[in-house]
Amino acid sequence: MLSLRYILITGGFMAIIAWGSYIFLVWDLGGQREELKLLRANIAFHENRYNEIQDTVVFLNDTEGRIEDIKGYFLANDEKSIVSFIRELEDLGRRTNVEFEISNLSVSNNEGDDLLSADINMIGEWEKINKTIALIELLPYKVSVTNARIRQEGTSWSSSFKINVLMAN
């Protein structure tokens, strides 16, 4: 009888230890699940952050090229750039085969913007004068053509207009 009692007590004790171990294991797994959820959320956060940083790097690399394009949109406010621009205008006149004259070249400040202004006179055929004006407007700068006048003088045409070119400060 002693051995049956001993077996029951030992069995009960082992059952209590088994149930205790089971409860501890379930409790520990619950904690690990919460920790796993936090780690997954943390990983997702860092992956999103990494993707945002990668997108920002791509955006900045794309923007760098756009900034260079925008810088080219303005004429630099220095003598070398202005001379180069004038030569470019005169070259347009030669390429379109019109008589080309630039006068009253000045730099002014208009409402906070620096402008290079010039009066241009051309003599040539109608089509060539129109082509030259169009090419001036297509120059890679912010060029505006104002006060344009075109008139026929005998067999040729004469044009006079003013251009304003936006300059970088």
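Computed from a predicted structure; not experimentally measured.

J.: Mind showing me how you'd approach the nonpolar core here?
T.: The nonpolar side chains of a soluble globular protein tend to be buried, and buried together. Of all hydrophobic cores here, the largest spans 22 residues; its most connected members are Phe 85, Ile 136 and Ile 163. Those elements that place two or more of their residues in this core are α2 (79–96), β2 (113–124), α3 (126–137) and β4 (156–167). Beyond its immediate chain neighbours, meaning those up to four positions away, Phe 85 contacts Leu 75, Leu 116, Leu 139, Tyr 141, Val 143, Ile 163 and Val 165.

J.: Is there a simple way to think about α3 in this case?
T.: Residues separated by three or four positions in an α-helix point in the same direction, a consequence of the helix having 3.6 residues per turn. In this model α3 runs 17 Å from its N-terminal to its C-terminal C-alpha over 12 residues, within 8% of the 16 Å that 1.5 Å per residue would give. Among the residues of α3, Ile 129, Thr 132, Ile 133 and Ile 136 are the ones counted as buried. What you see down the axis of α3 is that its buried residues fit within an arc of 95°, all on one side. Opposite the packed face of α3, turned more than 90 degrees from it, sit the exposed residues Glu 127 and Lys 131.

J.: Can you walk me through the packing of α2 against α3 in this structure?
T.: To characterise two packed helices, one gives the angle between the axes of the helices and the distance between these axes. In the contact formed by α2 and α3, the axes pass within 10 Å of each other and the chain directions differ by 150°. It follows that α2 is roughly antiparallel to α3 by the angle criterion. Crossing angle aside, the handedness with which α2 passes α3 is right-handed. Taken together, the residues of α3 that come into contact with α2 (itself represented by Leu 89, Leu 92 and Thr 96) are Lys 128, Lys 131, Thr 132, Leu 135 and Ile 136. Tallied by class, the residues present in the contact of α2 with α3 amount to four nonpolar, two polar and two charged.

Parameters and conventions
- Residues numbered from 1 in each chain as written.
- Predicted model: local features only at pLDDT ≥ 70, side-chain atom pairs only at ≥ 80, totals over all residues.
- Heavy atoms only, no water.
- Core = buried A, V, L, I, M, F, W, Y, C linked by side-chain atoms within 4.5 Å.
- Buried < 20%, exposed > 50% of the residue type's maximum accessible area, 1.4 Å probe, protein only.
- Helix = DSSP H or I, 4+ residues; strand = E, 2+ residues; numbered from the N terminus.
- Contact = heavy atoms within 4.5 Å.
- Expected span 1.5 Å × (residues − 1).
- Arc of directions from axis to C-beta.
- Axes fitted to C-alpha atoms, helices over the stretch in contact; angles between N-to-C directions.
- Parallel < 35°, antiparallel > 145°, perpendicular 65-115°, else oblique.
- Left-handed = near helix turned anticlockwise from the far one by under 90°.
- Nonpolar A, V, L, I, M, F, W, Y, C, P; charged D, E, K, R; others polar.

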